[in-house]
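This is what each chain is made of:
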Amino acid sequence: MSQSDQDLDRLDALLNALPAENVPMSLSELDGYVTGLLACSEMIAPSEWLPEVWGETGQPGFRDQSAAEETVGAVLAHYNAVAGAMIRSPWIAPIYEADPNSGDVMWEPWVDGFMRGLRLRPEAWQRLLGEADEATLVSMNFLMLLQDIYTGQADLTEDEEDRYDQEAPDMIPNCVAAILQQSRPELARPEAANLPGMPFRAGPRPGRNDPCPCGSGRKYKQCCGRN
């Protein structure tokens with residue numbers, strides 16, 4: 001199952017319509033969040049993870065029943081779309097935000113959402129990482145470092161933070177793929193078997209009119225290259 005630009009735009013609008021005082025997830029945060037949920041070796045029921053989407057209170061504050069049904073349906077549709085993308089390939093295409101002033105890619109909301117997904121099953125992840133291979137450990141450590149950069153807890157120089165900031169958008173999909181090899185081996189595909197032991201910069205981005213590598217069937221400029 002893939003989603004059109006219209007589907008994603010509508011989901012974005014529905015999330016933005018939630019009460020701002022509750023600090024609900026943005027589209028990028030939600031995308032990272034469901035990726036973290038689906039990367040877990042344990043199934044997590046929507047009744048447990050949906051309240052996190054609505055914000056700090058866990059209460060959605062829908063304006064009416066119609067809005068409730070449409071919003072919940074759109075969120076679950078996105079969850080299913082990400083799950084379908086993982087079945088096609090462990091190399092998923094994150095939805096990043098763009099800085100409204102500079103146009104630069106903002107990976108931070110996605111990483112924050114991913115880590116929030118992982119925090120719903122800390123014991124499962126501790127068990128997994130206790131038996132993980134080097135690629136998984138390095139990849140997870142890298143994502144945790146990005147989270148520390150986002151929260152201001154990383155012990156790095158300004159130049160080092162700038163370097164990670166530039167490399168993060170291309171490295172995140174490779175880290176997720178390496179983690180999925182360990183946490184969801186049933187999703188393994190031959191094309192992902194050559195993942196390196198260290199996160200690496202992805203190859204050149206597709207041309208704007210090339211098919212999107214996420215498998216949606218759309219052109220890159222209309223899909224993951226929108227930002």
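Here the structure is a predicted model, which means the values were calculated and not measured.

**Q** What is the right way to read the overall build of the protein from this model?
**A** The helix and strand inventory of the protein stands at eight helices and two strands. Secondary structure elements in the protein, listed N-terminal to C-terminal, are α-α-α-α-β-β-α-α-α-α. Counting every position in the protein, which comprises 227 residues, the buried fraction comes to 47%. Long-range contacts, defined as pairs at least 24 residues apart, comprise 70% of the intrachain contacts of the protein with a sequence gap of at least 6. Only carbon and sulfur atoms are counted for the fraction: they give 49% of the accessible area of the protein, which is about 11,400 Å².

**Q** Would you take a moment to explain the packing of aromatic side chains for this structure?
**A** Both the distance between ring centres and the angle between the ring planes are used here to describe each pair of aromatic rings. Tallying each qualifying case throughout the model produces five aromatic pairs. Consider the rings of tryptophan 54 and phenylalanine 62, whose centres lie 5.2 Å apart with planes at 75 degrees: the pair is edge-to-face. Classification of tryptophan 54 by relative accessible area gives buried; the value is 5%. For phenylalanine 62, a relative accessible area of 25% corresponds to the partly exposed category. Arranged with centres 5.4 Å apart and planes meeting at 10 degrees, the rings of tryptophan 110 and phenylalanine 114 form a pair that is stacked. Remark: phenylalanine 114 and tryptophan 110 occur in helix 5 (residues 108-118); sequence separation between them is four residues, near one turn of the helix. The class for tryptophan 110 is buried, based on a relative accessible area of 0%. A residue is classified by how much of its surface remains accessible, and phenylalanine 114, at 1% relative accessible area, is buried. Through pairs of rings, three or more aromatic residues link up here, namely Tyr33, Trp49 and Tyr79. Its guanidinium or amino end placed over the ring of tyrosine 164, arginine 163 lies 4.8 Å from that ring's centre, counting from NZ or CZ.

**Q** Any chance you could explain the pattern of salt bridges here in plain terms?
**A** Note on pairing: side chains with opposite charge can pair once their charged atoms come close. For the coordinates displayed, the defined rule picks out eight salt bridges. The shortest N-O distance in the salt bridge between glutamate 48 and arginine 121 comes to 2.7 Å. Remark: arginine 121 occurs in the loop between helix 5 and helix 6 (122-130) and glutamate 48 occurs in helix 3 (residues 46-54); sequence separation between them is 73 residues. Given the relative accessible area of 33%, glutamate 48 is considered partly exposed.

**Q** Teacher, can you tell me more about the packing of helix 7 (residues 134-151) against helix 8 (residues 158-183) here?
**A** Packed helix pairs are characterised by how far apart their axes lie and by the angle those axes make with each other. Two elements in contact, helix 7 and helix 8, have axes separated by 8 Å at closest approach and are oriented at 140 degrees. Here helix 7 is positioned oblique relative to helix 8, judged by the angle of their axes. For the pair helix 7 and helix 8, the sense of crossing is left-handed. Residue-level inspection shows Ala135, Thr136, Ser139, Met140, Phe142, Leu143, Leu145, Leu146 and Ile149 of helix 7 in contact with helix 8, the latter providing Glu161, Tyr164, Ala168, Met171, Ile172, Cys175, Ala178, Ile179 and Gln182. For the contact of helix 7 with helix 8, the residue count by class is 14 nonpolar, three polar and one charged.

Parameters and conventions
- Residues numbered from 1 in each chain as written.
- Predicted model: local features only at pLDDT ≥ 70, side-chain atom pairs only at ≥ 80, totals over all residues.
- Heavy atoms only, no water.
- Helix = DSSP H or I, 4+ residues; strand = E, 2+ residues; numbered from the N terminus.
- Buried < 20%, exposed > 50% of the residue type's maximum accessible area, 1.4 Å probe, protein only.
- Contact = heavy atoms within 4.5 Å.
- Areas by Shrake-Rupley, 256 points an atom, 1.4 Å probe, with all protein chains shown as cover.
- Phe/Tyr/Trp six-rings, centres within 6.5 Å; stacked < 30°, edge-to-face > 60°.
- Lys NZ or Arg CZ within 6 Å of the ring centre and 35° of its normal.
- Salt bridge = Lys/Arg side-chain N within 4 Å of Asp/Glu carboxyl O.
- Axes fitted to C-alpha atoms, helices over the stretch in contact; angles between N-to-C directions.
- Parallel < 35°, antiparallel > 145°, perpendicular 65-115°, else oblique.
- Left-handed = near helix turned anticlockwise from the far one by under 90°.
- Nonpolar A, V, L, I, M, F, W, Y, C, P; charged D, E, K, R; others polar.

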